[in-house]
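Architecture and fold: a report
Each chain, written out:
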Amino acid sequence: MGFARTCSVALVGVEGVVVEVQADLEPGVAAFTLVGLPDKSLTESRDRVRAAVVNSGAEWPQKKLTVGLSPASVPKSGSGFDLAVAAAVLGAAERIDPRVLADIVMIGELGLDGRVRPVRGILPAVLAAAEAGYEQVVVPECAAAEASLVPGVSVLGVRSLRQLIAVLADEPVPEEAQDQQGRPDPLLAGLRMPGTGAATGMHSMGTTQCENGRDLADVVGQDSARTAVEVAAAGGHNLFLEGPPGAGKTMLAERLPAILPRLHRTESLEVTAVHSVAGLLPPGKPLIDVAPYCAPHHSATMQALVGGGPGMARPGAVSLAHRGVLFLDETPEFSGQALDALRQPLESGHVVIARSAGVVRFPARFLMVLAANPCPCGRFSRNDELCECPSAAIRRYQARLSGPLLDRVDLRVEVERLTRGQLAGEGSRGDTTATVADRVRAARERAAVRLHGTPWRSNSEVPGRELRSRWHPAPGALEEAERSLERGALTARGLDRVLRVAWTVADLVGHDRPDARDVALALQLRTGVPRGVPMTLGALT
């Protein structure tokens, strides 16, 4: 009787559970039994592993073979267990010393010819292995850079099962032929899900928009909207842009990620883990260090926005936009059910999806940007009479955005129609992306100093009770906001959000704490009602 065990990882959302893969050989009729709550793709690994072992030059044991995945109560899916199953079988057959396998975690899919293919979720799987105390990990060669992001773990990247057998048996490692130059590596196909990528609008930016030739200075006019975008980036505040078509709403949203600070190491690992599980990690770029940008189409379902799907739930747009920007263009065209599903992640910073296969928790702390036309034809305005929509149609169109959702939006700005003089280039250009990004970074640093020692990183994350009891604005600064609360123009949540925006304005203009003008600008940005203060930050310094 032969027995061997090694380890792999089962992913539940972006969290991993270390699974012990056990192989047992007994005398009897040759058979291969796989137990431990596997799904269909994992059950098929019996045929993949047998063919890979034989085609790698090893002998397949002609005995009764039982492979167990423990703990058996955890659902297991995917093809990432192939490499561990093959190694455990070879250990039980004494082709590899079983003692060598016991403390190694193996992740990878096997091709019928013995090549090791990458799978989604390498980074969160290695993170789970490191948290469980394992120090040695075997992954596909093309995913070794991603696995090496985890400190304290020794990573071995292999291209084939033959190489793994040689390394573990202390034999000369064979060279594997590389694919022809100029052709895409077929092994990288395992890193992406079909139907995803740049065309869907659900992807990481990869590089800043400024490097792609998109600069904030390209936006003509719109001083109020530019101020709102800068405040949103500095404090992580949600933003609602309303205005006619062609006024620059989409241009502003697309340039917002470039003025956000680069992600810290911990944030980069969080974002990379989500994109790795979703199959959207760009090949050749194992670590995402810039803010992601997701712009799903308005036909997206609730599952596409918040996550879900058949079987174990997958991350949606709110999780792919974690630590970045979620842009919902033509927001009233989204289904009401999908939009209202955003309310819980906007408050908590994560989304919990319950399915029959299990409960999954995905991170979802994002900056939301909504863009909408004022009416179905887009020409409604207080200043002209170009709109021909009936008043009832305008009310129905604007009512598609529920009050509770809009109450979670800190900044609401009306984007004005451009004039002929502005389009002709008359007047000065606005600040460039680099200039605004420097101011945003300085404001974030001021907030970080103030919030040091707390679990919060930006003003938008600070609870209202802490703002009222721990960090006080200047005396009398909140009088106008409190009067708006008494008149019913603001809710209690709205007052807290005004105070958060006021702290961000103070950080941008260099004030130690918000004064009356900072709060007035915050009120104006939230309600859209003029408060007698200029909409440019430079006038407040």
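How each quantity is defined
Throughout this description, residue numbers start from 1 for each chain and increase along the sequence as written. Local features in this predicted model are restricted to residues whose pLDDT is 70 or higher, and side-chain atom pairs enter the listing and the counts only when it is 80 or higher, whereas totals over whole chains, interfaces and linings include all residues. The side-chain values count all of the structure's non-hydrogen atoms but skip hydrogen atoms and water molecules. Exposed residues in this analysis have more than 50% of their type's maximum accessible area, buried residues have under 20%, and partly exposed residues fall in between, with area computed by a 1.4 Å probe over protein chains only. Helix and strand assignments follow DSSP, with helices taken as H or I runs no shorter than four residues and strands as E runs no shorter than two, numbered in order from the N terminus. Definition of nonpolar core: a set of buried residues of the types Ala, Val, Leu, Ile, Met, Phe, Trp, Tyr and Cys, connected through side-chain atoms within 4.5 Å. Residues count as neighbours in contact if any of their non-hydrogen atoms are within 4.5 Å of one another. Pairs were defined over the aromatic rings of Phe, Tyr and Trp, the Trp ring being its six-membered one, requiring ring centres within 6.5 Å. Orientation was assigned from the angle between planes: stacked under 30 degrees, edge-to-face over 60, tilted for the rest.

Details of helix α9 (residues 249-259)
- Buried residues dominate α9, accounting for nine of its 11 residues.
- Within the sequence span of α9, burial applies to Lys249, Leu252, Ala253, Glu254, Arg255, Leu256, Pro257, Ala258 and Ile259.

Thoughts on the nonpolar core
- With 59 residues, the main nonpolar core has Val231, Leu239, Leu241, Leu256, Val369 and Leu525 as its most contacted residues.
- Here the element with the most residues in this core is helix α21 (residues 492-509); it accounts for nine residues.
- The residues contacting Leu256, other than those within four sequence positions of it, are Val229, Ala233, Val325, Leu367 and Val369.

Here we look at the environment of Ser224
- With respect to the helices and strands, the residue Ser224 is situated in helix α8 (residues 223-235).
- A relative accessible area of 27% places Ser224 in the partly exposed class.
- Distance in space between the C-alpha atoms of Ser224 and Pro124 is 41 Å, their sequence separation being 100 residues.
- For Ser224, the residues in contact, after removing those within four places along its chain, are Val413 and Met535.

Details of unusual backbone geometry
- Here the residue pair Ser70 and Pro71 is connected by a cis peptide bond, since its omega of 5° sits within 30 degrees of zero.
- Here Pro71 lies in the loop between β4 (64-70) and α3 (82-92).
- At Asp170, a position not held by glycine, the phi torsion is positive, near 60°.
- When you line up the elements, Asp170 lands in the loop between α7 (161-168) and β10 (202-203).
- Owing to a relative accessible area of 72%, Asp170 belongs among the exposed residues under this scheme.
- With a phi angle near 65°, Arg323 is a residue other than glycine that sits in the positive phi range.

So, the packing of aromatic side chains
- As enumerated under the stated definition, the model contains two aromatic pairs in all.
- On the numbers, 5.6 Å between centres and 40° between planes, the contact of Phe32 with Trp60 is tilted. Of the two residues, Phe32 sits in strand β3 (residues 31-35) while Trp60 sits in the loop between α2 (45-55) and β4, which places them 28 residues apart along the sequence.
- Taken together, a centroid distance of 6.5 Å and an interplanar angle of 25° make the contact between Tyr293 and Phe327 stacked. Here Phe327 lies in strand β13 (residues 325-328) and Tyr293 lies in strand β12 (residues 293-294), a separation of 34 residues in the sequence.
- With relative accessibility at 7%, the residue Tyr293 sits in the buried group.

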